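Here's the letter readout for the chains.
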Amino acid sequence: MTIVVYLNSTINNSNTMNNNHTRLKITTLGLALICSITKAQTPKSAGQFKLPQGFSISVAADDVGRARHIATTKDGAIYIKLARPIDGKGIILLEDKDGDGKFNQSAGFGDFGGTGLYLKDDYLYASSNSEVFRYKLDKNQRVIDPSKPDKIVTGLINRRQHETKSITLDNNGNLYVNIGAYSNSCQEVDRKAGSPGRPDCPILDSAGGIWRFKADQLNQSYQNGVRYATGLRNVVGLDWNQQDNALYVMQHGRDQLDMFPQFFNSKQSAQLPAECMYKLKEGDNAGWPYMYYDPFKKKKMLSPEYGGDGNKEADKKFIDPVVAFPAHLAPNGLLFYTGGQFPEKYKNGAFIAFHGSWNRTPEPQEGYFVAFVPFANGKPSGEWEIFANGFSGVDVVNSPRQAEHRPCGLALGNDGSLYVTDDTKGTIFKITYNKNSK
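Let me sum up the structure you'll find in this document. Keep in mind it's a predicted model, so treat the numbers as computed, not measured.

Structurally, N184 can be placed in the loop between β14 (174-179) and β15 (209-214). Judged by its relative accessible area of 0%, N184 is buried. Looking at N184, its side chain comes within polar contact range of the main-chain nitrogen of D255, at 2.8 Å. Beyond its immediate sequence surroundings of up to four residues, N184 is in contact with Q161, D190, R191, R233, R254, D255, Q256, M259 and W288.

Right under this line is the structure:
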């Protein structure tokens with residue numbers, strides 16, 4: 001098995017862990033990345049995890065750095081994107097050449113941090129916070145020349161707030177890139193209590209949406225791309241739904257409604273707005289910064305910066321979410337499951353990795369889990385549920401610093417398993433299903 005990692009940044013029954021898994025430790029020496037393998041093991045806190053009956057979780061790799069998004073090869077290798085490079089290496093490849101189930105070789109390349117990583121056909125695509133690169137792969141999906149990637153997109157705005165550039169591809173040679181808004185709600189003074197919003201938010205010209213570029217054209221920037229969808233504050237998790245042949249994204253909702261205390265108290269600010277999944281088509285507008293989605297009223301509401309008071313509804317021209325999740329959970333990974341290992345319930349459904357909140361005070365922080373939404377015929381077919389919980393390692397999270405692990409990226413293994421990255425301790429988790437489990 002091979003793994004490549006790119007570094008940036010309670011449901012049903014609890015299952016015991018299989019004691020025969022691999023633990024990987026990556027250290028650096030000079031210009032090379034060297035794997036130090038210990039005896040296969042499960043997480044020290046195995047009992048903290050809760051998954052549906054028949055599922056188990058193991059540690060596939062550990063201490064790899066701030067693992068963000070992840071891509072797997074057809075023979076089981078994994079590429080991992082790091083938020084920040086280690087010894088000048090921002091992408092890591094892990095593989096098991098002798099087939100003994102232990103990751104006994106690693107390679108590193110790419111001198112840039114970031115989040116985005118995607119493997120499609122003969123190329124590995126990876127993003128920094130302002131550019132997107134493409135690496136040519138051989139027949140085994142290994143990078144041929146890591147020192148000479150193609151620069152596909154350059155010159156994207158990076159204002160060090162919502163700066164990550166998540167990526168995905170469709171089946172027609174198009175690359176989709178999130179360009180997050182460098183603002184909470186496009187106020188005249190960002191995050192200042194009572195500051196009004198800017199009516200014609202200028203940020204939307206170059207951020208706050210999804211841009212589409214050609215996957216095989218070099219050195220593109222804004223003038224070469226298309227603003228595919230707008231009104232999206234920040235998208236970290238996105239995926240192309242093969243069954244529906246459409247782009248789906250997870251938006252990070254706005255913060256701090258209690259900057260307008262005449263309309264919202266601190267508890268309301270902790271519970272609003274929803275984190276939303278959107279299905280996007282070209283020209284869609286999801287409404288940021290002018291609206292937010294209230295999961296209790298199930299309505300699009302006018303933002304207080306633009307005349308809202310918690311009761312006024314927003315313009316109907318803005319699209320509706322397909323799923324609304326609780327506030328401030330920080331969805332960082334989205335994956336439509338197309339593998340054959342999990343039960344039929346999960347086929348073509350969506351897994352979402354929630355990184356966890358920082359801004360639900362005075363309520364406890366929430367998130368730090370992987371959720372699942374069942375889909376049928378390209379549409380949600382049931383209520384969302386928590387699929388894998390316990391990553392935080394504590395019963396109550398009052399500060400994200402207490403969380404032991406924070407889920408970020410998701411990938412489908414070649415055996416139908418599910419990989420989950422953690423950008424706190426650099427752990428790569430593997431979730432498998434045993435149909436013979438009782």
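Right, let's get into the pairing of strand β16 (residues 226-230). Two elements, β15 and β16, share 4 bridges in a ladder whose sense is antiparallel. Bridging across to β16, I210 finds its partner in A229. With 2 bridges joining them, β16 and strand β20 (residues 284-285) adopt parallel strand pairing. Bridge pairing in β20 places T230 opposite N285.

Strand pairing in a sheet is mediated by backbone hydrogen bonds. Such pairs are either parallel or antiparallel. The 4 strands are arranged β4-β32-β31-β30 in an open sheet whose pairing can be described as antiparallel. Whereas interior strands pair on both sides, the edge strands pair on one side only; in this sheet they are β4 (55-61) and β30 (407-412). Neighbour to neighbour, the strand axes of the sheet diverge by 25° on average, direction disregarded. Strand direction decides the pairing type here: β30 and strand β31 (residues 418-422), joined by 4 bridges, are antiparallel.

Attention now moves to the state of the cysteines. Taken as a whole and judged by the stated rule, the model has 1 disulfide. Note that C186 is cross-linked by a disulfide to C201, the S-S spacing being 2.1 Å. The sign of the S-S torsion, about 100°, decides the handedness of the disulfide formed by C186 and C201: right-handed. Placement of C186 in the loop between β14 and β15 and of C201 in the loop between β14 and β15 is noted, with a sequence separation of 15 residues between them. Both residues of the pair, C186 and C201, count as buried.

About the thresholds
- Residues numbered from 1 in each chain as written.
- Predicted model: local features only at pLDDT ≥ 70, side-chain atom pairs only at ≥ 80, totals over all residues.
- Heavy atoms only, no water.
- Helix = DSSP H or I, 4+ residues; strand = E, 2+ residues; numbered from the N terminus.
- Buried < 20%, exposed > 50% of the residue type's maximum accessible area, 1.4 Å probe, protein only.
- Polar contact = N/O pair within 3.5 Å; in protein donor to acceptor, adjacent residues only side chain to side chain.
- Contact = heavy atoms within 4.5 Å.
- Pairing = 2+ DSSP bridges.
- Axes fitted to C-alpha atoms, helices over the stretch in contact; angles between N-to-C directions.
- Disulfide = S-S within 2.5 Å.

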